[in-house]
Amino acid sequence: MFGRSKSSEEAPAEQAQAAREGAKGRPTPKRRDQEAARKRPLVVTDRKAARGRDRQERREQLAKVRRALETGDETHFPPRDRGPVRRYIRDFVDARRNLGEFLLPVMLIVLALSLVNQPAIFAASVYLTWGAVLLVVIDTVLMWRRLKSRLVEKFGADGVPKGSVSYAVMRVFQLRRSRRPVPMVARGEYPS
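Residues numbered from 1 in each chain as written. Predicted model: local features only at pLDDT ≥ 70, side-chain atom pairs only at ≥ 80, totals over all residues. Heavy atoms only, no water.

Peer 1: For this particular structure, what's the right way to read the side chain of threonine 140?
Peer 2: Within the secondary structure, threonine 140 is located in helix H6 (residues 119–155). Contacts of threonine 140, omitting those with residues within four sequence positions, involve Val169, Val172 and Phe173. (Helix = DSSP H or I, 4+ residues; strand = E, 2+ residues; numbered from the N terminus. Contact = heavy atoms within 4.5 Å.)

Peer 1: It is not clear to me how the packing of H6 against helix H7 (residues 164–172) should be interpreted in this structure. Could you clarify?
Peer 2: As a packed pair, H6 and H7 sit with axes 11 Å apart at the nearest point and diverge in direction by 130°. Here H6 is positioned oblique relative to H7, judged by the angle of their axes. Note on packing geometry: the crossing formed by H6 with H7 is right-handed. The residues of H7 that touch H6, namely those facing Thr140, Met143, Trp144 and Leu147, are Ser164, Val165, Ala168, Val169 and Val172. (Axes fitted to C-alpha atoms, helices over the stretch in contact; angles between N-to-C directions. Parallel < 35°, antiparallel > 145°, perpendicular 65-115°, else oblique. Left-handed = near helix turned anticlockwise from the far one by under 90°.)

Peer 1: Would you mind going over unusual backbone geometry with me for this structure?
Peer 2: One can expect most non-glycine residues to show negative phi and most peptide bonds to be in trans. Residue proline 181 is bonded to the preceding arginine 180 through a cis peptide linkage, with omega at -5°. As for its placement among the helices and strands, proline 181 is situated in the segment after H7.

Peer 1: Even after reading the chapter, I still don't get the nonpolar core, so can you show me in this structure?
Peer 2: The nonpolar side chains of soluble globular proteins are, as a tendency, buried together. In terms of nonpolar packing, the biggest core is built from 13 residues, with Ile89, Val93, Met143, Trp144, Leu147, Leu151 and Ala168 touching the most fellow members. Those elements giving two or more residues to this core turn out to be helix H4 (84–95), H6 and H7. With five residues, H4 is the single largest residue contributor to this core. Setting aside its immediate chain neighbours within four residues, isoleucine 89 contacts Leu147, Leu151, Ser164, Tyr167 and Ala168. (Core = buried A, V, L, I, M, F, W, Y, C linked by side-chain atoms within 4.5 Å. Buried < 20%, exposed > 50% of the residue type's maximum accessible area, 1.4 Å probe, protein only.)

This is the structure in structure tokens:
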């Protein structure tokens, strides 16, 4: 416009861009182009393919979480198992011998004994059931008291989140071999 040539103005501007240090080396894209590139329909046209794609993504995500629980990779743990407090609880529970682990096998024995048609054996199975439950409850309460004092000592009173008791107790009642996330410490190897 007004007699100036556009080609003579563009040449210095391109040189200035190339000479600037830290520049991205390309012009900023227009907003309308970026919005057009991001636009997707609210309702997909091929619902069957979309459902299959969603199912596949969900399956891959679950496989990634399952692998993480089996290998101990904390980056892909579900939210309930993440964090240093949960790690400490897992390591503490896995380091000790828990009576809760043996409750399921004892209950299977009691179930088999209760099928015998002898009153003395049936009474013994009832006493065995209540004795096992009482011992497990006492063991679990003592475990939690010791674990809580260590958690408060290490993370502070505010650092122990709600739900830690149930997390520890649920882990106590699982057989060591079937725990997920898998135990990362040997027996007797308590966390510091």
